[in-house]
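Chain by chain, the residues:
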Amino acid sequence: QVQLVESGGGLVQPGGSLRLSCAASGSIFRFGTMSWYRQAPGKERELVASIAGISGTNYADSVKGRFTISRDFTKNTIYLQMTSLKAEDTAVYYCSYDASRDQRYWGQGTQVTVSS
């Protein structure tokens, strides 16, 4: 069993910053691939950023240069540092863990709202 708990979401003004956290527990491999996805109303869930192994990262074009994904191996936690936030970033953000190529676990999601 794997449990993922996101935190750090909230309301922020355009141009502001937030840091999301995702704490993983259970039967996990601490070097496994973890990712952040987001889903806005009426849209499909999309990949925002992922981190694999020690430090391999990948970002969606829409967030490159603004968001940074990182991990703390001692805490089995990943982070998403979000800067220069735009209204288009408003969505529910989900953390995921890839237990294998065929099994992905999801957190419950945390709401991020960018509005003045």
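Right above here is the structure, for reference.
Rules of the game
- Residues numbered from 1 in each chain as written.
- Predicted model: local features only at pLDDT ≥ 70, side-chain atom pairs only at ≥ 80, totals over all residues.
- Heavy atoms only, no water.
- Helix = DSSP H or I, 4+ residues; strand = E, 2+ residues; numbered from the N terminus.
- Rg over C-alpha atoms; globule rule 2.2 N^0.38 Å.
- Buried < 20%, exposed > 50% of the residue type's maximum accessible area, 1.4 Å probe, protein only.
- Contact = heavy atoms within 4.5 Å.
- Areas by Shrake-Rupley, 256 points an atom, 1.4 Å probe, with all protein chains shown as cover.
- Salt bridge = Lys/Arg side-chain N within 4 Å of Asp/Glu carboxyl O.
- Pairing = 2+ DSSP bridges.
- Axes fitted to C-alpha atoms, helices over the stretch in contact; angles between N-to-C directions.
- Disulfide = S-S within 2.5 Å.
- Core = buried A, V, L, I, M, F, W, Y, C linked by side-chain atoms within 4.5 Å.

Engineer: How should the overall build of the protein chain be read in this particular structure?
Structural biologist: When helices and strands are counted, the protein chain shows zero helices and 11 strands. Order of helices (α) and strands (β) in the protein chain, N terminus to C terminus: β-β-β-β-β-β-β-β-β-β-β. Expected size for 116 residues packed as a compact globule is a radius of gyration near 13 Å; at 13 Å, the protein chain falls within 12% of this value. Considering only C-alpha atoms, the protein chain reaches an extent of 40 × 25 × 20 Å along its principal axes. When each of the 116 residues of the protein chain is scored for burial, the buried share is 40%. The long-range fraction of contacts in the protein chain, counting pairs at least 24 apart against all pairs at least 6 apart in sequence, stands at 51%. Summed over its atoms, the accessible surface of the protein chain is roughly 6,300 Å², and 47% of this surface lies on carbon and sulfur atoms.

Engineer: It is not clear to me how the pattern of salt bridges should be interpreted in this structure. Could you clarify?
Structural biologist: Oppositely charged side chains may form a pair once their charged atoms are brought near each other. Under the criterion given, the structure shown has five salt bridges. For the salt bridge of Lys-64 with Asp-61, the shortest nitrogen-to-oxygen distance reads 3.1 Å. For the pair Lys-64 and Asp-61, one class covers both residues: exposed. Note that Asp-98 and Arg-104 form a salt bridge whose closest N and O atoms lie 2.7 Å from each other.

Engineer: Just to check I follow, could you spell out the sheet that holds strand S3 (residues 18-26) for this structure?
Structural biologist: Adjacent strands of a sheet form backbone hydrogen bonds with each other and so pair up, either parallel or antiparallel. With respect to topology, four strands assemble into an open sheet ordered S1-S3-S8-S7, the strand pairing being antiparallel. Two strands close off the open sheet at either side, each with one partner strand: strand S1 (2-7) and strand S7 (67-72). The mean angle between the axes of side-by-side strands here comes to 15°, regardless of whether they run parallel or antiparallel. Bridge count for S3 against strand S8 (residues 77-82) is six bridges, and the pairing is antiparallel. Bridging across to S8, Leu-18 finds its partner in Met-82.

Engineer: Would you mind showing me how to read the state of the cysteines here?
Structural biologist: In a disulfide, the sulfur atoms of two cysteines are covalently bonded to one another. Tallied over the full model, the rule gives one disulfide. Note that Cys-22 is cross-linked by a disulfide to Cys-95, the S-S spacing being 2.0 Å. Disulfide Cys-22-Cys-95: the torsion about the S-S bond is -80°, which places it as left-handed. In this pair, Cys-22 sits in strand S3 while Cys-95 sits in strand S9 (residues 91-100), placing the two residues 73 residues apart along the sequence.

Engineer: What should I look at first to understand the nonpolar core in this one?
Structural biologist: Here is a general trend for soluble globular proteins: nonpolar side chains tend to be buried in one another's company. The biggest cluster of nonpolar side chains holds 28 residues, and the ones touching the most others in it are Trp-36, Leu-80 and Tyr-93. For this core, the secondary-structure elements that each account for two or more residues are S1, S3, strand S4 (34-39), strand S5 (46-52), S7, S8, S9 and strand S11 (110-114).

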